[in-house]
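# Fold and contact review
Here's the letter readout for the chains.
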Amino acid sequence: MHTTKLIKHQRGLGMMQWALVIAIAGFFLLFAFKVVPLYAENRYVEAALRSLESGGERVEQMTDAEIQKKLTNFYMINNVRSEGPTKNIKILRESEKVLVTVDYETRAPLFYNIDVILTFQNHLDSSRPGQCCRPFVPLTAK
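Residues numbered from 1 in each chain as written. Predicted model: local features only at pLDDT ≥ 70, side-chain atom pairs only at ≥ 80, totals over all residues. Heavy atoms only, no water.

## What about the overall build of the protein chain?
Across its full length, the protein chain carries four helices and three strands. Helices and strands in the protein chain line up, N terminus first, as α-α-α-α-β-β-β. Evaluated residue by residue, the protein chain yields a buried proportion of 27% over its 142 residues. A sequence separation of at least 24 residues applies to 51% of the contacts in the protein chain between residues at least 6 apart. Just so you have it, the protein chain exposes about 10,600 Å², and 60% of that area is on carbon and sulfur atoms. (Helix = DSSP H or I, 4+ residues; strand = E, 2+ residues; numbered from the N terminus. Buried < 20%, exposed > 50% of the residue type's maximum accessible area, 1.4 Å probe, protein only. Contact = heavy atoms within 4.5 Å. Areas by Shrake-Rupley, 256 points an atom, 1.4 Å probe, with all protein chains shown as cover.)

In structure tokens form, the structure reads like this:
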């Protein structure tokens, strides 16, 4: 007799609860649709830097113009549209290595006047093959 009374009181979500669940799910879907393409585009920026490293020529032997042209062509072929990766290519040459950095931030409008800003740091150090695309943090002695 007690169990039938409990079953009568269990009804599930009401209309307001369902509206709240749908609104929260909609927000996360909107956020994902705005942010995921920006991360996918950064994956192409990383792949472009890796292509410099794995190409036939060594990065140290390439001129700055050749490096920029190779990266720009890779971006064009892979449909990298934002200005950040193309305008923020910096090449620093030292005695035995070349550091190519593509550090940029990109903005995606979420809704109304709220934007999402993402910052990406992509570094290629020719003296550290295989450790592409993450900024090098030197270890400090304690």
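Structure's up, so let's keep going.
## Comments concerning the sheet that holds strand β1 (residues 89–93)
One open sheet accounts for three strands, arranged β1-β2-β3; its pairing is antiparallel. If you trace the sheet from one side to the other, it starts and ends with β1 and β3 (114–125), each paired once. The sheet shows a mean angle of 15 degrees between the axes of neighbouring strands, taken without regard to direction. Note: strand β2 (residues 98–111) against β3, twelve bridges, orientation antiparallel. Residue pairing across strands places Tyr104 opposite Phe120, the latter belonging to β3. Contacts from helix α3 (residues 64–77) reach β1 and β2 within the one sheet, and its direction differs from that of β1 by about 150 degrees. (Pairing = 2+ DSSP bridges. Axes fitted to C-alpha atoms, helices over the stretch in contact; angles between N-to-C directions.)

## Regarding the packing of helix α2 (residues 15–54) against α3
The interhelical angle for the contact between α2 and α3, taken along N-to-C directions, is 140 degrees, at an axis separation of 9 Å. Comparing the axis directions of α2 and α3 gives the class oblique. The element α2 and its partner α3 pack so that their crossing is right-handed. In contact with Tyr44, Val45, Ala47, Ala48, Leu49, Ser51 and Leu52 of α2, α3 contributes Ile67, Lys70, Leu71, Phe74 and Tyr75. A per-class count over the contact of α2 with α3 returns ten nonpolar, one polar and one charged. (Parallel < 35°, antiparallel > 145°, perpendicular 65-115°, else oblique. Left-handed = near helix turned anticlockwise from the far one by under 90°. Nonpolar A, V, L, I, M, F, W, Y, C, P; charged D, E, K, R; others polar.)

## So, the pattern of salt bridges
If you walk through the whole model with that rule in mind, you get eight salt bridges. Between Asp64 and Arg93 there is a salt bridge, with its nearest N and O atoms 2.8 Å apart. Taken together, the positions of Asp64 in helix α3 and Arg93 in strand β1 put the pair 29 residues apart, joining distant regions of the chain. Looking at Asp64, the relative accessible area reads 34%, which means it is partly exposed. In this structure, Asp125 engages Lys97 in a salt bridge whose closest nitrogen and oxygen atoms are separated by 3.6 Å. Pair noted here: Asp125 is in strand β3 and Lys97 is in the loop between β1 and β2, with a separation of 28 residues, a long-range link. (Salt bridge = Lys/Arg side-chain N within 4 Å of Asp/Glu carboxyl O.)

## Here's the deal with the packing of aromatic side chains
Counted according to the given criterion, the structure contains five aromatic pairs. Here Phe27 and Phe31 contribute two aromatic rings whose centre-to-centre distance is 6.4 Å and whose plane-to-plane angle is 25 degrees, an arrangement assigned as stacked. Highlighted residues: Phe27 and Phe31, both in helix α2, separated by four residues, approximately one helical turn. Arranged with centres 6.4 Å apart and planes meeting at 80 degrees, the rings of Phe27 and Phe111 form a pair that is edge-to-face. You can see Phe27 sitting in helix α2 and its partner Phe111 sitting in strand β2, a full 84 residues away along the chain. (Phe/Tyr/Trp six-rings, centres within 6.5 Å; stacked < 30°, edge-to-face > 60°.)

## With respect to α3
The end-to-end C-alpha distance of α3 is 20 Å, a good match for the 20 Å that 14 residues give at a rise of 1.5 Å each. What α3 keeps buried is the set Ile67, Leu71 and Tyr75. The buried residues of α3 occupy one face: seen down the axis, they fall within an arc of 65 degrees. The outward face of α3, more than 90 degrees from its buried face, is lined by the exposed residues Ala65, Lys69, Met76 and Ile77. Packing partners of the buried residues in α3 comprise α2, α4 (83–87), β1 and β2. Looking one or two residues beyond α3, the residue adopting positive phi is Asn79, at roughly 60 degrees. (Expected span 1.5 Å × (residues − 1). Arc of directions from axis to C-beta.)

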